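# Coordinate analysis (summary)
Listed below are the residues making up each chain.
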Protein chains: 2
Amino acid sequence: MIAPANRPIGVFDSGVGGLTVVRALMERLPMENIVYFGDTARVPYGVKSRATIEHFTAQIVDFLLGHEVKALVVACNTIAAVAGHKVRHSAGGMPVLDVIAAGAQAALAQSRNHHIGVIATSTTVNANAYARAIHAQNPQARIVSQACPLLVPLVEEGWLDHDVTRLTVREYLKPLLADPIDTLVLGCTHYPLLKPLLKQEAPHITLVDSATTTAEAAARALGAAGLLNSDNPAPDYRFYVSDIPLRFQTIGERFLGRSLEQIEMMSLG
Amino acid sequence: MIAPANRPIGVFDSGVGGLTVVRALMERLPMENIVYFGDTARVPYGVKSRATIEHFTAQIVDFLLGHEVKALVVACNTIAAVAGHKVRHSAGGMPVLDVIAAGAQAALAQSRNHHIGVIATSTTVNANAYARAIHAQNPQARIVSQACPLLVPLVEEGWLDHDVTRLTVREYLKPLLADPIDTLVLGCTHYPLLKPLLKQEAPHITLVDSATTTAEAAARALGAAGLLNSDNPAPDYRFYVSDIPLRFQTIGERFLGRSLEQIEMMSLG
């Protein structure tokens, strides 16, 4: 029997975007084993219905529970927005972290005027998830959201510093910058790769990157539960995906910031 | 028992793009019943592996054969490129039309210098499907292809006449226009909606729209097989999708060019 603290953290996403969260976890918690699942055969979730997203999510959670994880990290804004409560229910008592709860908390901690902008996929924006999470802690905060469906394909195309991306970002930010926001939540795990460009286009705004804030929240939750792994200098990382498509390696490594090894394919459908 | 000619034509796609082919079929063959399947729960296929695409395609073909279709129309370039042979095998002897075969034939008929450009998704381009289909008929033809992964999301965002789209198209067309092509195949069923913009950006190039060319090929094949429906003034149209996501109605109607009724959800996974 494995001691609870030695069990892996289960991290999942609809695709490769969640690897930005894995990267932040590796940096913040370098002793932790990690099992990742990315549903690359059915990505993207951001344009699918609630019922479909809940169904796919239940399959992934079952798969990770089968790996005896000690905590779950929902590294996908769409899943967190639509099916976060279901994940918590299935997880029993173990810690469940998600990018929306972590991002909402960090945004409130960093904003001075509590006037917060959110950019995300259409489903996340329409689920109103960040506004609900922020208002649960501060009902006076003012939230403006913008769906940015083109940013994920632009990141995956690798156009991180391209005129097309700059023009698209400018178009999406226009209504947000017309409001006096002082903080902008990057409400999709693909967006951290656009941070340099976003900083140029909105120089006076504090960017909240939900990958690093989620890693921070995971460190706190594992510490509180006495589940931190403190003696594991060579941690085990496993990456499962439901499909290994064209350019997966290239794109995945861009997100993870290091080479991607031990990828296994695992069909859930 | 339904007379063979009265049976529906089965049309399928990974999502809504195939509705541009349905639209062309409705206009070219106004007496035909049509059953459509769009795999909206698992769209897009263009970034997935061959094995996954073949698996999904087999499920869709089974579903349509269960509707006693008299012909199959592969209204998805990615499926045609990767799994066209499997569809023909499963279909037994019935006519099978696909956007790539139809587009390749039309391109050769329209090009004068047999110097043909192709724009498509990454998978279609990497499968080299148009080049193979064109070279099978004319080994001397010269083909230049360009993967355009951003055009589908731009069309779905509705930015059909937007500076971002114009800049993106210009970037993608640059290497094609550097060659002396006289004909450009729109190798994705989303692209017909960009025809006005493409005409402005490449005014001297003949555009081959695979939706209308596939409808033309279907008319010929059904005629040759004695399967044309000639007495059906109020045809039956049925639309099945594996998910009804946000904005489906809006986007679908933009592709179909009329109101979308009788949509049913049907899970295949």
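Residues numbered from 1 in each chain as written. Chains lettered and ligands numbered in written order. Predicted model: local features only at pLDDT ≥ 70, side-chain atom pairs only at ≥ 80, totals over all residues. Heavy atoms only, no water.

An unreviewed UniProt entry annotates chain A as Glutamate racemase of Conchiformibius kuhniae. Recorded in UniProt for chain A, the comment headed Sequence similarities (unreviewed entry) runs: "Belongs to the aspartate/glutamate racemases family." Quoted verbatim from the Pathway (unreviewed entry) heading of the UniProt record, the comment on chain A is "Cell wall biogenesis; peptidoglycan biosynthesis." (UniProt positions renumbered as here; feature names shortened; annotations may be inferred.)

### Digging into the domain arrangement of chain A
Residue and element names in this part refer to chain A. The domain boundaries assigned to chain A delineate domain 1 (4-98 + 213-265) and domain 2 (100-210). With centres defined by C-alpha atoms, the gap from domain 1 to domain 2 works out at 22 Å. Between domain 1 and domain 2, the residue contacts involve 26 residues of the former and 28 residues of the latter. Carbon and sulfur atoms supply 53% of the area buried between domain 1 and domain 2, which totals about 1800 Å² over both sides. Among the residues domain 1 hides against domain 2, the three largest losses belong to Asn77, Thr213 and Arg254. Together they make up 34% of the total. Inspection of the domain 1/domain 2 interface yields zero salt bridges. One can count 12 residue pairs in polar contact (both at pLDDT 80 or more) joining domain 1 with domain 2. Contributions of two or more residues to the side of domain 1 that touches domain 2 are made by α1 (19-28), α3 (77-90), α10 (210-224) and α11 (248-256). Looking at the side of domain 1 that touches domain 2 element by element, the count peaks at five residues for α3. (Domains from an automatic or database assignment. Contact = heavy atoms within 4.5 Å. Buried area = accessible area lost by both parts, 1.4 Å probe. Salt bridge = Lys/Arg side-chain N within 4 Å of Asp/Glu carboxyl O. Polar contact = N/O pair within 3.5 Å; in protein donor to acceptor, adjacent residues only side chain to side chain. Helix = DSSP H or I, 4+ residues; strand = E, 2+ residues; numbered from the N terminus.)

### Side note on the relation of the copies chain A and chain B
For the pair chain A and chain B, the superposition axis carries a translation of 0.0 Å, the fit reaches an RMSD of 0.0 Å, and the rotation angle comes to 180°. Expressed as a symmetry operation, the mapping of one chain copy onto the other fits a two-fold axis. Nearest to the rotation axis, the C-alpha of Arg42(A) is located 2.4 Å from it, this being the minimum over chain A. Comparing interface residues between copies, 100% of those in chain A also sit at the interface in chain B, which points to an isologous, same-surface contact. (Least-squares fit on C-alpha atoms with pLDDT ≥ 70 in both.)

### Regarding the sheet that holds strand β6 (residues 142-147) of chain B
Residues and elements named next belong to chain B. Ordered in space as β6-β5-β7-β8, the four strands form an open sheet in which the pairing is parallel. Of all the strands in the sheet, the pair left with one neighbour each is β6 and β8 (206-209). Taken over all neighbouring pairs, the strand axes of this sheet differ in orientation by 25° on average, direction set aside. Inspection of the sheet shows strand β5 (residues 115-120) paired to strand β7 (residues 183-187) by five bridges, in the parallel sense. Across the sheet, residue Ile119 finds its bridge partner in β7, namely Leu186. Together, β5, β7 and β8 form the strand contacts of helix α4 (residues 99-110), whose direction differs from that of β8 by roughly 155°. (Pairing = 2+ DSSP bridges. Axes fitted to C-alpha atoms, helices over the stretch in contact; angles between N-to-C directions.)

### Observations regarding the interface of chain A and chain B
Listed by partner, the interface residues are 33 residues for chain A and 33 residues for chain B. If you look at where chain A meets chain B, you find zero salt bridges. On inspection of chain A and its partner chain B, the count reaches 12 residue pairs in polar contact (both at pLDDT 80 or more). Among the secondary structure elements, those contributing two or more residues to the side of chain A that touches chain B are α2 (50-65), α5 (122-127), α7 (151-157) and α8 (163-177) of chain A.

### Regarding the UniProt feature "binding site: substrate" (unreviewed entry) in chain A
All names here are of chain A. Under the UniProt annotation, "binding site: substrate" (unreviewed entry) lies at Asp13, Ser14, Tyr45, Gly46, Asn77, Thr78, Thr189 and His190. In summary, the annotated positions, though distributed over 178 residues, converge in three dimensions, the widest C-alpha pair being only 13.2 Å. Mapped onto the elements of the fold, Tyr45 is located in the loop between β2 (34-38) and α2. When residues no more than four places from it in sequence are discounted, the contact partners of Tyr45 are Ser14, Asp39, Ile53, Phe56, Thr57, Ile60, Thr78, Ile79 and Thr123. Here the side chain of Tyr45 touches Asp39 through a polar contact of 2.5 Å, side chain to side chain. Structurally, Thr78 can be placed in helix α3. Under the relative-accessibility criterion, Thr78 is labelled buried at 4%. (Buried < 20%, exposed > 50% of the residue type's maximum accessible area, 1.4 Å probe, protein only.)

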